[in-house]
Amino acid sequence: MTERWPEVSFEDLIGSTRFDVHERAHITVDDAICADCSTRGCVVACPANLFVPTSDGGILFNYEQCFECGTCYLVCNEEGAITWTYPEGGHGVVFKRT
Amino acid sequence: MGEPHSATAVDAIVVGAGPAGAAAATVLARAGKSVILLERGSFPGSKNMYGGVVYPRILDQLHPEWWLEAPIQRWVTRRSTMILTDTQALTVDFRSAAWGAPPYNGATAYRPDWDHWLAGKAEADGAVLVCSTTATGLLRDDRGHVTGVTTDRPDGDLHARVVIACDGVNSFLAKEAGLYGEVDAANYTVGVKETIALPKEVIDERFGVRDRDGVDIEILGGTSGVNGGGFVYTNLDTLAVGVVLKLPKLAAQQLRPEAIISELKAHPGIAPLVDGGEVKEYSAHVIPEAGLSMMPKMTGDGMLVAGDAAAMCLAAGIWLEGVNFAMASGMYAGEAAVEALTAGDTSAIGLAGYQRRLDDTFVLRDHRKLRRAPSLVLSDRVQHLYPGMIANTVERMFRVDNPAPKPGLRRILDEERKRAGVKLKDLARDALDGLRSYG
């Protein structure tokens, strides 16, 4: 194996991306539904790592550093657990121009 | 036609100023129609991400000699297809000097640059670009004919004779209009990418290119066992390194996307290319992967769907395209809308010219021909069995095992097929599927 380059922490990785965060959460999660979910696909699949399981069986989520990709609601197999809309116009992720 | 349109209605609202929307708005504006191009980002392209290669020849029709001004990073003059196992890499590497001169073939480009440029062209032709405005739903008359969109602006309802939904892979407008059937996660992949800064000279040297010439590396394997693929593209002074992952497979295992990219970057065949450098941006976007089988109805009363919103990405292994399909479908949607507006009938029947154009051009001809390709490429055998079988065969072919004499190639292949657990019957079936698609 070639020598590994030092790993970048996830915080540094996502810290490289610009987000103009709006005060309204554009994602909401129904914790009661998540409590009964055994698969929790959102936790591993969300590229922004926005879904974190809590010790009491719920899901802690935040919406601030969201790519607005849609992965979470597509893999969520518990009907209606994730309500997902686009953030307010002009807010959310801003991919960079050169 | 439905109810009379309000006096303030424009001819067309195009939702989404990506490649599809910009092309549609350009065609409408040039025909003298009033058109609003709505964009939820603060500028066109700000929400848009892809792997990194665009094939712009369809722009010959809209913007002749587009290459004189298009904001490209490098012209792809070298295309490599790699098969990776944990320890092996087999590469088919092709170069063409012709691809480094007009009319070119593929180019790497940043989507915020590309989309901003293309939407600017629509604006210059007379389309009214409205940014920072999210379309939140459809307006319809009592017969269901689409008459505009609601937005998140105060008093933000916008009325139009036709709405063209170019609102991307999640297209809530096409879903609201009932143009999609059941949405199945298995039809989608997520593309996740690191943009890594390296000096231009370092990139030139590592990838064996000069000036504006660039490299496109597509990878089968290297996704830590999750069905999908990888890529490395050269921009001028950054690399795009990433993976595309089938959603249900990603969700059903333990490794997160950024860890899968890390594994790819650590592969002995990839690490020397990407080592060092600083991550300039981390990004992700969902891809409509399944092609024809997941496409919505393209036309409703007062409404057309184009680009990713119509699932037009072509994910066919050796061909990975999307922006070209978006630009073409947007252009044809624009043409059909102009026809319908001029004739005064924007019902689904009046807009039928759109489906006809899609059927008659590469947009749906390619998708029909390659309808079996996406599922074949992402199948468990192609993903998990064939890479090892092929790489082991090649390894034994090139290995000098003295004092043992060289085995015949047929024997090696047969042994490796059995060792990989591939049944002849399945191999033959996949080969036939491949021939039907690519032959």
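Summarised in this report is the structure supplied together with it. (Residues numbered from 1 in each chain as written. Chains lettered and ligands numbered in written order. Predicted model: local features only at pLDDT ≥ 70, side-chain atom pairs only at ≥ 80, totals over all residues. Heavy atoms only, no water.)

## Observations regarding the overall build of chain A
Line of reasoning, step 1. Looking only at helices and strands, chain A has 4 helices and 6 strands in total.
Line of reasoning, step 2. With the C-alpha coordinates of chain A rotated into their principal frame, the extents come out at 40 × 40 × 20 Å.
Line of reasoning, step 3. For chain A, the residues scored as buried account for 48% of the 98 residues in total.
Line of reasoning, step 4. Here the contacts in chain A between residues at least 6 apart in sequence split such that 66% fall between residues at least 24 apart.
Line of reasoning, step 5. Summing over all exposed atoms, chain A offers an accessible surface of approximately 5,000 Å²; the carbon and sulfur share of this is 51%.
Line of reasoning, step 6. With 6 positive and 15 negative side-chain charges, chain A shows a spacing of 11 Å between the two charge centroids. (Helix = DSSP H or I, 4+ residues; strand = E, 2+ residues; numbered from the N terminus. Buried < 20%, exposed > 50% of the residue type's maximum accessible area, 1.4 Å probe, protein only. Contact = heavy atoms within 4.5 Å. Areas by Shrake-Rupley, 256 points an atom, 1.4 Å probe, with all protein chains shown as cover. Lys, Arg positive; Asp, Glu negative; His and termini not counted. Charge placed at Lys NZ, Arg CZ, Asp CG, Glu CD.)

## A few points about the overall build of chain B
Line of reasoning, step 1. Within chain B one finds 15 helices and 19 strands.
Line of reasoning, step 2. Compactness check: chain B gives a C-alpha radius of gyration of 23 Å against a globular reference of 22 Å for 439 residues, within 12% of the reference.
Line of reasoning, step 3. Going through the 439 residues of chain B one by one, you find that 60% of them count as buried.
Line of reasoning, step 4. Counting contacts in chain B only where the partners sit at least 6 residues apart, residues at least 24 apart contribute 72% of the total.
Line of reasoning, step 5. Entry remark: accessible area of chain B is about 17,200 Å², with carbon and sulfur atoms responsible for 54%. (Rg over C-alpha atoms; globule rule 2.2 N^0.38 Å.)

## Topic: the pattern of salt bridges
All names here are of chain B.
Line of reasoning, step 1. The full count for this structure, using the stated rule, is 30 salt bridges over all chains.
Line of reasoning, step 2. Salt-bridge contacts for Arg57 lead to Asp60; the nearest nitrogen and oxygen are separated by 2.7 Å.
Line of reasoning, step 3. In this structure, a network of salt bridges that share partners links the residues Arg396, Arg411, Glu415, Glu416 and Arg419. (Salt bridge = Lys/Arg side-chain N within 4 Å of Asp/Glu carboxyl O.)

## Observations concerning the pairing of strand β13 (residues 228-234) of chain B
Residues and elements named next belong to chain B.
Line of reasoning, step 1. Most of β13 is tucked away: 7 of the 7 residues are buried.
Line of reasoning, step 2. Side chains Gly228, Gly230, Val232 and Thr234 project from β13 onto one buried face, and the interleaved Gly229, Phe231 and Tyr233 project onto a second face that is buried too.
Line of reasoning, step 3. As judged from the 4 bridges shared by strand β12 (residues 213-220) and β13, these two strands associate in the antiparallel manner. The residue of β13 that forms the bridge with Glu218 is Phe231.
Line of reasoning, step 4. Inspection of the sheet shows β13 paired to strand β14 (residues 238-246) by 7 bridges, in the antiparallel sense. Residue pairing in the sheet places Gly229 in a bridge with Val244 of β14.
Line of reasoning, step 5. Hairpin remark: β13 followed by β14, antiparallel, with 3 residues in the connecting loop. (Pairing = 2+ DSSP bridges.)

## Quick word on helix α1 (residues 19-30) of chain B
Residue and element names in this part refer to chain B.
Line of reasoning, step 1. Compared with the 16 Å implied by 1.5 Å per residue over 12 residues, the 17 Å span of α1 between its first and last C-alpha is a close match.
Line of reasoning, step 2. For α1, a buried count of 11 out of 12 residues is recorded, marking the element as mostly surrounded by other parts of the structure.
Line of reasoning, step 3. If you check which residues of α1 are buried, you get Pro19, Ala20, Gly21, Ala22, Ala23, Ala24, Ala25, Thr26, Val27, Leu28 and Ala29.
Line of reasoning, step 4. In the stretch just after α1, Gly32 is the one whose phi turns positive, near 85°. (Expected span 1.5 Å × (residues − 1).)

## Observations regarding the interface of chain B and chain A
Line of reasoning, step 1. Between chain B and chain A, the contact holds 53 residues from the first and 42 residues from the second.
Line of reasoning, step 2. Between chain B and chain A, a total of about 3,900 Å² is buried, with carbon and sulfur atoms accounting for 57% of that surface.
Line of reasoning, step 3. Among the residues chain B hides against chain A, the three largest losses belong to B:Arg40, B:Arg256 and B:Tyr282. Together they make up 17% of the total.
Line of reasoning, step 4. Remark: the boundary between chain B and chain A carries 2 salt bridges.
Line of reasoning, step 5. Between chain B and chain A we count 23 residue pairs in polar contact (both at pLDDT 80 or more) in total.
Line of reasoning, step 6. Sort the elements by how many residues they give to the side of chain B that touches chain A and strand β15 (residues 278-288) of chain B lands first, with 8 residues.
Line of reasoning, step 7. Within the side of chain B that touches chain A, the residues separate by chemical class into 23 nonpolar, 17 polar and 13 charged. (Buried area = accessible area lost by both parts, 1.4 Å probe. Polar contact = N/O pair within 3.5 Å; in protein donor to acceptor, adjacent residues only side chain to side chain. Nonpolar A, V, L, I, M, F, W, Y, C, P; charged D, E, K, R; others polar.)

## Quick word on the side chain of B:Thr133
Line of reasoning, step 1. Take B:Thr133: it is sitting in the loop between β7 (128-130) and β8 (135-140).
Line of reasoning, step 2. Looking at B:Thr133, the relative accessible area reads 4%, which means it is buried.
Line of reasoning, step 3. Polar side-chain contacts of B:Thr133 include one of 2.9 Å to the backbone oxygen of B:Cys131.
Line of reasoning, step 4. Of note is the side chain of B:Thr133, whose polar atom sits 3.1 Å from the side chain of B:Arg153.
Line of reasoning, step 5. For B:Thr133, the residues in contact, after removing those within four places along its chain, are A:Gly89, B:Leu38, B:Glu39, B:Arg40, B:Thr151, B:Asp152 and B:Arg153.

## What about the nonpolar core?
Line of reasoning, step 1. Membership of the largest hydrophobic core comes to 153 residues, with the highest contact counts inside it found for A:Phe51, A:Phe67, B:Trp114 and B:Tyr354.
Line of reasoning, step 2. Ranked by the residues each element gives to this core, the list is headed by helix α9 (residues 323-343) of chain B, at 13 residues.
Line of reasoning, step 3. Not counting residues within four places of it along the chain, the set of residues in contact with B:Trp114 comprises B:Val54, B:Pro56, B:Leu59, B:Ala70, B:Pro71, B:Ile72, B:Ala109, B:Val323 and B:Met327. (Core = buried A, V, L, I, M, F, W, Y, C linked by side-chain atoms within 4.5 Å.)

## Remarks on helix α3 (residues 111-124) of chain B
All names here are of chain B.
Line of reasoning, step 1. Here α3 contains 14 residues, and its C-alpha end-to-end distance of 19 Å stays within 8% of the 20 Å for a straight helix at 1.5 Å per residue.
Line of reasoning, step 2. Considered for burial, the residues of α3 that qualify are Arg111, Pro112, Asp113, Trp114, Asp115, Trp117, Leu118, Ala119 and Ala122.
Line of reasoning, step 3. For α3, the secondary structure elements touched by its buried residues are α1, β2 (35-38), β3 (53-54), α2 (59-62) and α9.
Line of reasoning, step 4. Once α3 finishes, Gly126 follows within two positions and takes phi at roughly 120°, a positive value.

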